[in-house]
Every structure is written in structure tokens, then in C-alpha cells.
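Report on the structure
Residues per chain are reported as follows:
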Amino acid sequence: MRLIVISVVSGFLATGSLAFFLYKKIDRIISGLLAELSTLRREIGELKSELKAVKTKPVSSSSLSRSKNRSYSSVNTLSDEYEDALDFDVSVSTTILPDTRYLQEFDSVDEMLNGDGSQKEAVFQWLNVRYKENCTNPEYLWRYAKALIEHCRHLNGDKEQEKQLVFKAKDVAFQSLQLNPNCAATHKWCAIALGRVGDFLPLNDKIKNGFLFREHIEKAIEISPEDSTSYYLLGRWCYGVYMLSWLERKVAATLFASPPTSTAEEALQNFMTAETLKPNTWPENQLYIAKCYIQMSQFEEAADWLDKAYHNSHLDEEEPEVQQEIRDSYEKYQSYLKVKRE
């Protein structure tokens, strides 16, 4: 059902005046579905907890009564339009701990942000119209920053609009950081936004942002050491610093007493960690592993990783330019392969 709604939204957003009249109605449906999905997830989790407790502890009639009373107050927070449609037992408590509330509420939003193009575009529109009412919600803000950056893929090369979106994403991400400085995702998207605005800044500002980029990625890893994306981003930073041109190094030396330095080995270590956490699912990460080995003149190892990237089942999910670089590099270095595929 949700995919049908998203498809409708994406189609109408591209039309003229018809979108204006239908958007609010469709937006209301999406909002209700997201709320309903979040509530159902919460109820399922709590049912599991209640059932587990029942196995080890007798439940008195008074405790069941209290649980039922608590659940009624929670269910009443749903809109009347959707409350009548929810046909499930309300005898389970829906009390949510403050520090986990937002994570549960945004489960469905995360699914759409990580979905296909139509899902990302639909949830971007949904988040975009809710900024004023959520401008003090850090969990909303970093997701909105992510959606803004993802939306740049749909601009068809409009650099001026892209500039506006990435600078807005940076502001929103750092707004989230002020509200919650201990969120790994917030630090990660602060770093990503800094990287994206660098495309529109002079070289000296871009290098200054590079230091901040690394600080935020390292903080994200400290908070959430199992996130493969953060290691990939840190690897990209290390590789980028290692590949700085002579002019860029000179500019960095004039700006900082200790300009940024890194090595291909350091970059490789981070890319390999990302690969270990999510093996054989990210062709671009495998490409950068190969690029590190090329810089280290270890061409057989580079060819092996290019072979993995070239034959990766997720290759078609990468950006067209990444796919092309993988194919070109594979053709260039396949002669170094120790064992060629049949």
C-alpha cells in the first residue's frame, strides 16, 4: 500500500496544478500510514516484552487493568481517521522511554530514505513541509538534512539549486547537533554536508572544512563503531588528503601549523573495515580498496578487488560514473588477475 501511495505522489509532483490540489490529501495519507506503521512496530516490540515477562512472572488482574488504562491514553494520540482502522488489542502498554521515542517514530521514514528514487523523493516532500513544526527535534533534523542532500540527485545538473540545498542541509545538520551532540547519525551527516558544500567553496575554506569533516566522522565512529558508512567516509578523507596536489598542500601549509596528512595505507585500513562490516555489498568501497593498492603498487591485489567490484551483484545500484570507473579500471588491470573467472 505504501509503495502505491509513494508512486502516486512521485507522479503528481511532476505535473502542474493537479499536484497542488492533490498533494495535501496524499500527504495526509502518507502521514497516517507512517504513524500507523510506527505504532504497530512499537506495539509488536512491547507485546514481545510482555509475553517474555508473562513466561517468568504471574500477571495479576490489577496489573492488567493498569496496562489497559495506560494504553488507552497512548492510542488516543492517533488521529480519529486512523484510530478506528486499527483493530488490535490495546491491553499492552505503549509507554515510550524519552531517549528511544524518536528512533521508533522514524523507522518508516528511514526505510523510505534508504529506498528507491521514488521513495526518497516522496519522503523528502513529506519532511520538507514539516520543518517548522519539527525544528527542535534532532531526530527529524538530521533526517531532513539527509533528504536534502539525497534530493540533489533529482536536480538534473542545476548547480545553483544544488548549492542552496547543500548549504541548507549543512545548517539543518548542525542545528540537530546543537540539540543532540551524542548522535552518530547527526555527526555523520554534518560531515557529509561539509563535504558537499566544499564543492562551492574556495580552496582554503574547503581545506578548513576538511578538518571538521574528519572530527565529525571520528566522533560518529566513536559513538557507533559498527557503521560501515563512517569508515568508508573516513577512508575517503584519508585517500583525498593523500592525493592532494602540490598546490593544495602549499595552501594547507599556509593555513595550518600542522596541515592534514594521511597515507594510502591508512585509507586502506578504513575501507577494509567498512568491507568487513558489510562484506561484498558496496562496489564503490571495493573500488577504493583497489585504488589504494594501486597507489601502493600492489597491482595483483588491486586487480582482485576490481574483479570483485565488477562482478558485484550491487553494481547497478551505484551512480553511473562509479559504474563506469569500475568497468574502466577492471579492463585496465585485469591482466594482473591471478585467477580469472570462467
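Coordinates for the structure precede this section.
Scope of this entry: the structure provided in the associated data block. This one's a predicted model, so the numbers in the text were calculated from it and none came from an experiment.

Looking at the nonpolar core
Core analysis: the largest hydrophobic core is formed by 69 residues, its most contacted members being V109, L127, L148, I217, Y232 and F271. Each residue touching I217, except ones within four places of it in the same chain, is listed here: K188, A191, S230, L233 and L234.

Thoughts on the environment of E319
Looking at where E319 falls in the secondary structure, it is placed in the loop between α17 (299-310) and α18 (320-333). The class of E319 is partly exposed, set by a relative accessible area of 31%. The spacing of E319 and E284 is 35 residues in sequence and 9.2 Å in space, taken between C-alpha atoms.

With respect to the pattern of salt bridges
Enumeration over the complete set of coordinates arrives at 17 salt bridges. Taking the shortest distance from any N to any O, the salt bridge between D110 and R143 comes out at 2.7 Å. Highlighted residues: D110 in helix α6 (residues 107-113) and R143 in helix α9 (residues 138-151), separated in sequence by 33 residues. For R143, a relative accessible area of 2% corresponds to the buried category. A salt bridge links E139 to R143, with the shortest nitrogen-to-oxygen separation between them at 2.7 Å. Of this pair, E139 and R143 both sit in helix α9, 4 residues apart, which is roughly one turn of that helix. Judged by its relative accessible area of 9%, E139 is buried. One salt-bridge network, held together by shared partners, links K120, E150, R153 and E319.

As for the packing of aromatic side chains
Ring pairs (aromatic) are described by centroid distance and by the angle formed between their planes. A full pass over the atoms with the stated rule returns 11 aromatic pairs. Ring geometry for F271 and Y288: centres 5.5 Å apart, planes at 35°, overall tilted. Of this pair, F271 sits in helix α15 (residues 264-277) while Y288 sits in helix α16 (residues 283-295), and the two are 17 residues apart along the sequence. By relative accessible area, which is 0% here, F271 ends up buried. Sitting over the ring of W305, K308 keeps its end group 3.8 Å from the ring centre.

About the criteria used
Residues numbered from 1 in each chain as written. Predicted model: local features only at pLDDT ≥ 70, side-chain atom pairs only at ≥ 80, totals over all residues. Heavy atoms only, no water. Core = buried A, V, L, I, M, F, W, Y, C linked by side-chain atoms within 4.5 Å. Buried < 20%, exposed > 50% of the residue type's maximum accessible area, 1.4 Å probe, protein only. Contact = heavy atoms within 4.5 Å. Helix = DSSP H or I, 4+ residues; strand = E, 2+ residues; numbered from the N terminus. Salt bridge = Lys/Arg side-chain N within 4 Å of Asp/Glu carboxyl O. Phe/Tyr/Trp six-rings, centres within 6.5 Å; stacked < 30°, edge-to-face > 60°. Lys NZ or Arg CZ within 6 Å of the ring centre and 35° of its normal.

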